[in-house]
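Residue-level structural notes
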Amino acid sequence: MSTSTLTPDPDAPAPEPLADQDTPAVHEAVFSLELTQDQKDIRDWVHGFAADVVRPAAHEWDEKEQTPWPIIEEAAKIGLYSFEGLAQFFADPSGLTLPIVNEELFWGDAGIGMSIMGTGLAVASIFGQGTPEQIGHWIPRCFGTPDEVKVAAFCSSEPNAGSDVSAVRTRARFDEAAGEWVLNGQKAWATNGGISDVHVVIATVDPELGSRGHAAFVVPMSEAQGISQGTKVSKHGLRASHTADVFLDDCRVPADYVLGGRDRLQERIARVREGKRSSSQAAMQTFEASRPTVGAQALGIARAAYEYALEYAKEREQFGRKIIENQAVAFTLARMKLEIDAARLLVWRASWMGRNAHRFENAEGSMSKLKAGEVAVWVTERAIQILGGNGYTREYPVERWHRDAKIYDIFEGTAEIQQLVIARAISGLQIR
Ligand SMILES: Cc1cc2nc3c(=O)[nH]c(=O)nc-3n(C[C@H](O)[C@H](O)[C@H](O)COP(=O)(O)OP(=O)(O)OC[C@H]3O[C@@H](n4cnc5c(N)ncnc54)[C@H](O)[C@@H]3O)c2cc1C
């Protein structure tokens, strides 16, 4: 483009004033990051819960390393922890409400936030793979009722199958005589594993087919024999969230507890055996769509640490002035804010894409989760630095936020795996 096209012509007639906001032409052309009143109301409502209920309890539950059932119950009572609540957040056609809710809740505390939102992994799997009947039956059971709250677990990882999901060895065999599935194997690091009723278990029905031989089974603790909790993991961060191994030992469930139904599974396996295309591409798209929500959780932690460090820097005095009056500190805070806002734009873009079924041509979901996770780790580490010695103690929350942030580089696909996904998407090559 020549520069002349960018220079206003002094003889040109004055431009028409912008049309009134109500004219249809303006509406069609609009791009806006202005939140709707509904989005603002939900944000403020969740923020209120995070500030009044979650944050004050965060230190206690982190120290206790226990699931904060009373807080999950409070979230259920106000409708924040419920099938209807999640459906309402998801229904927003812009895709922004879900990340906004997650950011606010995790601003309150990530361990408690994960205790409330961890159920979402199992729900997403049932919603993505279940038949309409299975969705209607199992998703409400994941939450229980406000009087009898339940959580749910998604069990994919195994001791030897973390990043490499195709290495899953938990086996599901169909017992024709009994008309039941029989599951055997060990699941690792399952959020809510063993304390849930509904466990969604990924198992292989045909080990030769790698991840294309996998299927998802609903295993309810209240009905199935042979499912048990293994070791509860003691963790660096997210300590209010329960993480444990789950054992399946000749665990039997009825034929229709495989998500999507047995007929559809058999058809899919037959197609794969014939060398035809499977739905693995669709599964990748589903992962891409859920990653921005996880990124939003990381953002909540980062924002909490940034805000705390900013206030601290405005109050703390050394050498006779506020520490923020030193450029080294002020510039760090400027970068923290910049990085958080940049990450949020990636999260919102991917969330909007996922909600509106735009193809993730460049792995935009992975980009958002990768960036938000790295920003959360960096920002919380900088926050400790700004608080100095206080930042390193458990008297102040920034060290907890730093411990909590690190998991966002690891679970739901490590930072390296996100880069692999992006690299493959942009190159079209099977990068290793
Ligand atoms: C708190 C917590 C909660 C969790 N919740 C759940 C849950 O609810 N359900 C569930 O199923 N799982 C859960 N997980 C498991 C989690 O998803 C895995 O830990 C994660 O996928 C990484 O797998 P891994 O730990 O086996 O690491 P590995 O796969 O062994 O990776 C180790 C290192 O090698 C790198 N690496 C591996 N392969 C490559 C490669 N090809 N290229 C470059 N680098 C590579 C990784 O990036 C990483 O840095 C949870 C884990 C934790 C810690």
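Residues numbered from 1 in each chain as written. Predicted model: local features only at pLDDT ≥ 70, side-chain atom pairs only at ≥ 80, totals over all residues. Heavy atoms only, no water.

So, on to the packing of aromatic side chains. According to the stated counting rule, one finds eight aromatic pairs in the structure shown. Between W181 and F217 the ring centres are 5.0 Å apart and the planes differ by 70°, which places this aromatic pair in the edge-to-face class. Here the residue W181 occupies a position in strand β3 (residues 180-191), and F217 occupies one in strand β5 (residues 214-220), the gap between them amounting to 36 residues. This pair shows no difference in class: W181 is buried, exactly as F217 is. Aromatic pair Y312 and Y396: ring centres 6.3 Å apart, planes at 90°, arrangement edge-to-face. Residue Y312 is located in helix α10 (residues 280-315), and its partner Y396 is located in the loop between α12 (364-387) and α13 (398-405); the two are separated by 84 residues in the primary sequence. What makes Y312 buried here is its relative accessible area of 12%. These aromatic residues form a ring-pair network of at least three members: F174, W181 and F217. (Phe/Tyr/Trp six-rings, centres within 6.5 Å; stacked < 30°, edge-to-face > 60°. Helix = DSSP H or I, 4+ residues; strand = E, 2+ residues; numbered from the N terminus. Buried < 20%, exposed > 50% of the residue type's maximum accessible area, 1.4 Å probe, protein only.)

On strand β2 (residues 171-175), burial follows the alternation: A172 and F174 on one face are buried, whereas R171, R173 and D175 on the facing-out side are not. Hairpin connection from β2 to β3: four residues lie between these consecutive antiparallel strands, with G179 at a positive phi of about 65°. (Pairing = 2+ DSSP bridges.)

With that settled, the discussion passes to unusual backbone geometry. Phi at A363 is positive, roughly 55°, even though this residue is not glycine. By the secondary structure assignment, A363 is in the loop between α11 (327-355) and α12. With phi around 60°, E412 is a residue other than glycine that occupies positive phi space. By relative accessible area, which is 26% here, E412 ends up partly exposed.

Turning our eyes to something else, we now look at the site of the ligand. Of all residues adjacent to the ligand, which total 18 residues, the nearest are F154, S157, S163, T414 and E416. S157 is positioned with one of its side-chain polar atoms (N or O) 2.8 Å from a nitrogen atom of the ligand. Interatomic distance of 2.6 Å between a side-chain N/O atom of S163 and an oxygen atom of the ligand. Contact with the protein chains removes 66% of the 980 Å² of surface that the ligand exposes when unbound. For the shell around the ligand, the element with the most residues is β3, which contributes three residues. Of the residues in the shell around the ligand, the class split is eight nonpolar, seven polar and three charged. (Near = heavy atom within 4 Å. Polar contact = N/O pair within 3.5 Å; in protein donor to acceptor, adjacent residues only side chain to side chain. Areas by Shrake-Rupley, 256 points an atom, 1.4 Å probe, with all protein chains shown as cover. Nonpolar A, V, L, I, M, F, W, Y, C, P; charged D, E, K, R; others polar.)

For I78, the position within the fold is in the loop between α3 (69-77) and α4 (83-91). Each C-alpha atom, one on I78 and one on W45, is 9.9 Å from the other, the two residues being 33 residues apart in sequence. The residues contacting I78, other than those within four sequence positions of it, are W45 and F49. (Contact = heavy atoms within 4.5 Å.)

To continue, consider the packing of helix α5 (residues 97-108) against helix α6 (residues 110-117). Orientation of α5 relative to α6, taken along the N-to-C sense of each, is 135°, at an axis distance of 7 Å. Taken together, the axes of α5 and α6 lie oblique to each other. Mapping the contact onto sequence places V101, N102, L105 and F106 in α5 and A110, G113, M114, I116 and M117 in α6. Here the contact of α5 with α6 is built from residues that sort into seven nonpolar, two polar and no charged. (Axes fitted to C-alpha atoms, helices over the stretch in contact; angles between N-to-C directions. Parallel < 35°, antiparallel > 145°, perpendicular 65-115°, else oblique.)

As a further point, take α12. In this model α12 runs 34 Å from its N-terminal to its C-terminal C-alpha over 24 residues, within 8% of the 34 Å that 1.5 Å per residue would give. Counting buried residues in α12 gives 17 out of 24 residues, a clear majority hidden from the surface. Directly beyond the C-terminal end of α12, a positive phi value near 60° is found at G388. (Expected span 1.5 Å × (residues − 1).)

A few words on the confidence of the model for the protein chain. Should pLDDT be low for a region, the predicted coordinates there are not to be read in detail. Confidence along the protein chain averages 92 in pLDDT terms, with 91% of residues attaining 70 or more. Across residues 1-10, where pLDDT falls below 50, the model places one contact with residues more than four positions away in sequence or in other chains. When the criterion is pLDDT under 50, residues 17-21 qualifies, and its contacts beyond four places in sequence or with other chains add up to four contacts. (pLDDT = per-residue confidence, 0-100.)

A word on the pattern of salt bridges. Enumeration according to the criterion identifies 30 salt bridges in this entry. The partner of E65 in a salt bridge is R239, with the nearest N and O atoms 3.3 Å apart. On the criterion of sequence distance, the pair formed by E65 in the loop between α2 (37-64) and α3 and R239 in the loop between β6 (227-232) and β7 (243-254) is long-range, its members being 174 residues apart. A relative accessible area of 12% places R239 in the buried class. In this structure, R335 engages E339 in a salt bridge whose closest nitrogen and oxygen atoms are separated by 3.2 Å. (Salt bridge = Lys/Arg side-chain N within 4 Å of Asp/Glu carboxyl O.)

What follows deals with α3. All of the buried residues in α3 are I71, I72, A75 and A76. Projected onto a plane normal to the axis of α3, the buried residues spread over an arc of 145° and lie on a single side. Those residues of α3 that are buried are in contact with α2 and α6. One or two residues past the end of α3 sits G79, with phi positive at roughly 90°. (Arc of directions from axis to C-beta.)

Our next topic: the nonpolar core. Counting 105 residues, the largest nonpolar core has W181, L183 and F217 as the members making the most contacts within it. When residues of this core are assigned to their parent elements, the largest contribution, 13 residues, is made by α10. Setting aside chain neighbours within four positions, we find F217 in contact with A172, W181, L183, H199, V200, V201, A203, V205, Y257 and V258. Core analysis: the next-biggest nonpolar cluster, separate from the first, contains five residues, L370, A415, V421 and I422 among them. (Core = buried A, V, L, I, M, F, W, Y, C linked by side-chain atoms within 4.5 Å.)

As a further point, take the packing of α3 against α6. Orientation of α3 relative to α6, taken along the N-to-C sense of each, is 60°, at an axis distance of 10 Å. Taken together, α3 and α6 sit at an angle that is classed as oblique. When you trace α3 past α6, the crossing you get is right-handed. Every residue of α6 that contacts α3 at I71, I72 and A75 is listed here: I112, S115 and I116. For the contact of α3 with α6, a count of residues per class yields five nonpolar, one polar and no charged. (Left-handed = near helix turned anticlockwise from the far one by under 90°.)

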